[in-house]
Amino acid sequence: MKISEKPDLILPSRRIFLRNGLTLGGLSLLTGCAVDNEESVDRALTAISRLNDRAQAWLFDPARLAPTYPASMITRPFPFNAYYGEEEIREVDGEAWRLELSGLIADRKPWTLAQLRALPQQSQITRHICVEGWSAIGQWSGAPFAHFLRRVGADLTAKYVGFKCADDYFTSIDMATALHPQTIMALSYDGQPLPPKYGFPMKLRIPTKLGYKNPKHVQAIFVTNTYSGGYWEDQGYNWFGGS
Ligand SMILES: Nc1nc2c(c(=O)[nH]1)N[C@H]1C(S)=C(S)[C@@H](COP(=O)(O)O)O[C@H]1N2
Ligand SMILES: [Mo]
């Protein structure tokens, strides 16, 4: 894909390079490759984004907690965001819904909502940061994802955990973040069952990552050693996406 075909908004790394006046020569020096056309610019910037993923993974401290806030600081109303507008919010039937599991997981039988609700729940008031330039503080509760992954016998030495959603959204995260103590399978927002706009019946709430790494309406979870990208990540957003 050519740089010029992509909207500026979805190319944060590219935008930063252009804003900081990085020249093609500079990019050649950084990557050690000839960068003399749009295709090679794209390849070089993707290589830098992958390098950035590795640097972020290396810097990520699994014991370091994202900041938490008092209830008085909750943003009301909390913003809605998706790759479509509010009139197209997915309505998932909670009774019929099953969470599907695949990949490097010992016990892959599907989970009902009632079973997820029966797990120990944890509540957090944290800040959601969207790469589009807004942030908001909200309260979510749900089962710690690390607890769930251990319970189903996931291979915790695998590299990635991927998510497929009831809309066409998908994303994947590094195992260290999946096991982070504040990464939860959120079933409720602000003390109420998660409303459709915030991802009913279940979303992954990951306060150490940017908004686009927090999948709503999660339908399937897989554990893998194969890189699988994501909806926005495949269009140029940085994959690690730490916040
Ligand atoms: N299934 C699904 N999950 C998604 C998205 C989406 O379009 N579909 N958008 C992501 C983005 S970019 C953001 S900022 C947050 C918005 O979550 P909110 O509606 O709770 O504010 O959801 C993330 N997860
Ligand atoms: Mo976002």
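Residues numbered from 1 in each chain as written. Chains lettered and ligands numbered in written order. Predicted model: local features only at pLDDT ≥ 70, side-chain atom pairs only at ≥ 80, totals over all residues. Heavy atoms only, no water.

Draft legend 1. Fine view of the environment of Pro181. Along the chain, Pro181 falls in the loop between helix 6 (175–178) and strand 6 (184–189). The class of Pro181 is partly exposed, set by a relative accessible area of 42%. Along the chain, Pro181 and Asn238 lie 57 residues apart, while their C-alpha atoms are 23 Å from each other. In contact with Pro181, not counting residues within four places along its chain, are Pro62, Leu65 and Gln122. (Helix = DSSP H or I, 4+ residues; strand = E, 2+ residues; numbered from the N terminus. Buried < 20%, exposed > 50% of the residue type's maximum accessible area, 1.4 Å probe, protein only. Contact = heavy atoms within 4.5 Å.)

Draft legend 2. Structural context of the nonpolar core. Within the largest apolar cluster, 30 residues are counted, with the highest numbers of intra-cluster contacts made by Leu99, Leu116, Phe145, Phe148, Val161, Met202 and Ile221. Mapped onto this core, the elements with two or more residues apiece are helix 4 (113–117), helix 5 (145–151), strand 4 (160–165), helix 6, strand 6 and strand 9 (218–224). Apart from residues no more than four positions distant in its own chain, Phe148 is found in contact with Leu99, Leu101, Trp111, Leu116, Leu119, Met185 and Ile221. Grouped together as the second largest cluster of nonpolar side chains are 11 residues, Ile74, Ile137, Leu194 and Tyr198 included. (Core = buried A, V, L, I, M, F, W, Y, C linked by side-chain atoms within 4.5 Å.)

Draft legend 3. View of the layout of surface pockets. A volume near 410 Å³ is recorded for the largest pocket. At the level of elements, helix 3 (38–59) and strand 2 (122–130) are the ones that each hand at least two residues to the lining of the largest pocket. Among the elements that make up the lining of the largest pocket, the one with the highest residue count is strand 2 (three residues). Of the residues contributing to the lining of the largest pocket, the split by class is nine nonpolar, five polar and three charged. The volume enclosed by the second largest pocket comes to roughly 310 Å³. Considering the residues around the second largest pocket, the lining is formed by 13 residues, among which Asp53, Ala57, Tyr160, Asp174 and Trp239 are closest to the centre. Of all the secondary structure elements, the ones that give two or more residues to the lining of the second largest pocket are helix 3 and helix 6. Ranked by residues supplied to the lining of the second largest pocket, first place goes to helix 3 with four residues. When grouped by side-chain class, the residues that make up the lining of the second largest pocket number eight nonpolar, no polar and five charged. When we break the lining of the second largest pocket down by domain, the ones giving at least three residues each are domain 1 (7–59) and domain 2 (71–235). (1 Å grid on protein atoms, 1.4 Å probe; cavity = no way out; pocket = protein on both sides within 12 Å on 5 of 7 lines; lining within 4 Å. Points joined across faces, edges and corners; volume = space filled by probe spheres on them. Nonpolar A, V, L, I, M, F, W, Y, C, P; charged D, E, K, R; others polar. Domains from an automatic or database assignment.)

Draft legend 4. Spotlight on the environment of Thr157. Turning to its location among the elements, Thr157 is positioned in the loop between helix 5 and strand 4. Under the relative-accessibility criterion, Thr157 is labelled exposed at 69%. Between the C-alpha atoms of Thr157 and Gln219, which are 62 residues apart in sequence, the distance is 23 Å. Polar side-chain contacts of Thr157 include one of 2.6 Å to the side chain of Asp155. (Polar contact = N/O pair within 3.5 Å; in protein donor to acceptor, adjacent residues only side chain to side chain.)

Draft legend 5. The site of ligand 1, seen in detail. As a matter of local geometry, ligand 1 sits amid 20 residues, with Pro79, Tyr83, Asp167, Asn214 and Lys216 nearest to it. At 2.8 Å from an oxygen atom of ligand 1 is found a main-chain nitrogen or oxygen belonging to Pro79. Taking Lys216, its side chain carries an N or O atom lying 2.6 Å from an oxygen atom of ligand 1. In a pocket analysis with a 2 Å cut-off to the grid points, ligand 1 is assigned to the largest cavity. The residue inventory of the shell around ligand 1, partitioned by class, reads 12 nonpolar, four polar and four charged. (Near = heavy atom within 4 Å. Sits in = over half its atoms within 2 Å of the grid points.)

Draft legend 6. Broad picture of the pairing of strand 4. Most of strand 4 sits inside the fold, with five of its six residues counted as buried. Sheet topology places strand 4 next to strand 5 (residues 170–174); five bridges connect them, and they run antiparallel. Bridge pairing in strand 5 places Phe163 opposite Thr171. Counting the residues that bridge the hairpin from strand 4 to strand 5 gives four residues. (Pairing = 2+ DSSP bridges.)

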